[in-house]
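For reference, the chains in residue letters:
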Amino acid sequence: MNDSGSCVDGAAERLLGVATDVAGHHPLPWVAAPLLGADRVLDLCCGTGPLADHLPAGRWIGLDAVPGPRRPLLRGAPTSIPLRDNAVDGLAMMLVLPRLPDLDAVFAEVRRVLRPGGTLVLLVPSASVRSLRELRAARLLGPVHRTGWPHRSALDRAGWLLQAADFAVLGDDRVSFALPVPDADGARRLVADLPRAGLWPPGAPADVLATASARLAGRAGAGVVLPVPLRRIVARR
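Keep in mind it's a predicted model, so treat the numbers as computed, not measured.

Digging into the packing of helix α7 (residues 184-197) against helix α8 (residues 206-219)
Between α7 and α8, whose axes approach to 8 Å, the crossing angle comes to 145°. Of the two elements, α7 crosses α8, and the hand of that crossing is right-handed. Only L209, A212, S213, L216 and A217 of α8 make contact with α7, whose side of the interface consists of A184, A187, R188, L190, V191 and P195. Of the residues contributing to the contact of α7 with α8, the split by class is nine nonpolar, one polar and one charged.

Quick look at the nonpolar core
If you look at the biggest cluster of nonpolar residues, it comprises 46 residues, and the most contacted ones within it are L51, W200, L226 and L230. In this structure, I61, V106, A165 and F167 belong to the second largest nonpolar core, which totals 31 residues.

What to know about the environment of G198
Examined against the element boundaries, G198 turns out to sit in the loop between α7 and α8. On a C-alpha basis, the gap between G198 and V121 in space is 16 Å, while along the polypeptide they are 77 residues apart. In this view, G198 contacts L95, R99, P125 and W149; residues no more than four positions away in its chain are not counted.

What to know about the pairing of strand β2 (residues 60-64)
Of all five residues in β2, five are buried; the element is thus mostly enclosed. In β2, alternate side chains face the same way, and those of W60, G62 and D64 on one face and I61 and L63 on the other are all buried. Relative to β2, strand β1 (residues 41-44) is paired through four bridges, and the arrangement is parallel. Its bridge partner being in β2, L42 is matched across the sheet by I61.

A few points about the pattern of salt bridges
Evaluation of the coordinates by the stated rule reveals nine salt bridges. The salt bridge involving D193 is made with R14; its shortest N-O contact spans 3.1 Å. Note that D193 is positioned in helix α7 and R14 in helix α1 (residues 11-18), a separation of 179 residues in sequence. We classify R14 as partly exposed; its relative accessible area is 43%.

About the criteria used
- Residues numbered from 1 in each chain as written.
- Predicted model: local features only at pLDDT ≥ 70, side-chain atom pairs only at ≥ 80, totals over all residues.
- Heavy atoms only, no water.
- Axes fitted to C-alpha atoms, helices over the stretch in contact; angles between N-to-C directions.
- Helix = DSSP H or I, 4+ residues; strand = E, 2+ residues; numbered from the N terminus.
- Left-handed = near helix turned anticlockwise from the far one by under 90°.
- Contact = heavy atoms within 4.5 Å.
- Nonpolar A, V, L, I, M, F, W, Y, C, P; charged D, E, K, R; others polar.
- Core = buried A, V, L, I, M, F, W, Y, C linked by side-chain atoms within 4.5 Å.
- Buried < 20%, exposed > 50% of the residue type's maximum accessible area, 1.4 Å probe, protein only.
- Pairing = 2+ DSSP bridges.
- Salt bridge = Lys/Arg side-chain N within 4 Å of Asp/Glu carboxyl O.

Spelled out as C-alpha cells, the structure:
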C-alpha cells in the first residue's frame, strides 16, 4: 500500500496503459479476458480502477481504502470486504498480492465473497528471467527485485499460494511487456513510478533505486524499452 492508504497508486494505470508485448497488446485486456463472462466483478484494491474500462458496463465494483474516480466504489480493506457471502462471481487483484501484509486473511475474505465456481484473476510481477531481452536487463532488475517485497513468494510462486489457499488454478501465463524509455528524464520518472505501481517492490532501498535510475538513464533513447514481465494466474473458487 502507498502512503495515502490506497492499495494501488495511479501510477499503475499510467504504466499499464503504455506497456505492450511484442505484438503490441496491453496488459489490461489480458487481465480482463477471463472475467468477461462474470455478472459481477470485484476489483480488490482497485486504485484508479483502470480494469473497469475493459469489462462489460455495469459489472465492475471497485474496492479501495480511499475514494477513487470511478463508481461503484466500496471503501474498505482486502481483509474486511463490505460485501455479503458469495456476493460476486468474479474477482481481480492487480499488482497487489506481493504487497499485502496478511495473505491468509486476504484469501479468507476472497473465499467468503466469491461464490463457489467463481473466477479469481491475479496479476503479479515476475522476477524470473525468460528471454534475451530480460537477460540484458538482469543486471538492472536483479538488485531491485531482491528486497522490498512484503511477500516475494507472491511473484513467481503466486499459483502455489493460491493452491495452498484452496483455490483450483486453471491457468498460469507469463507475458513480458515493455515500457518505453525515450530519454533520461523518462527513465527517472519510470523508476519513481514502478514501485508505486506495484511493478517493482515498494520497499526497495533508496540506493538500489538510485543506481537503477542512473543505469536506466544512461541507456535511454529512441526505441529503448524496459522489460516488465507479468504473470496472470486464473483460479476457481
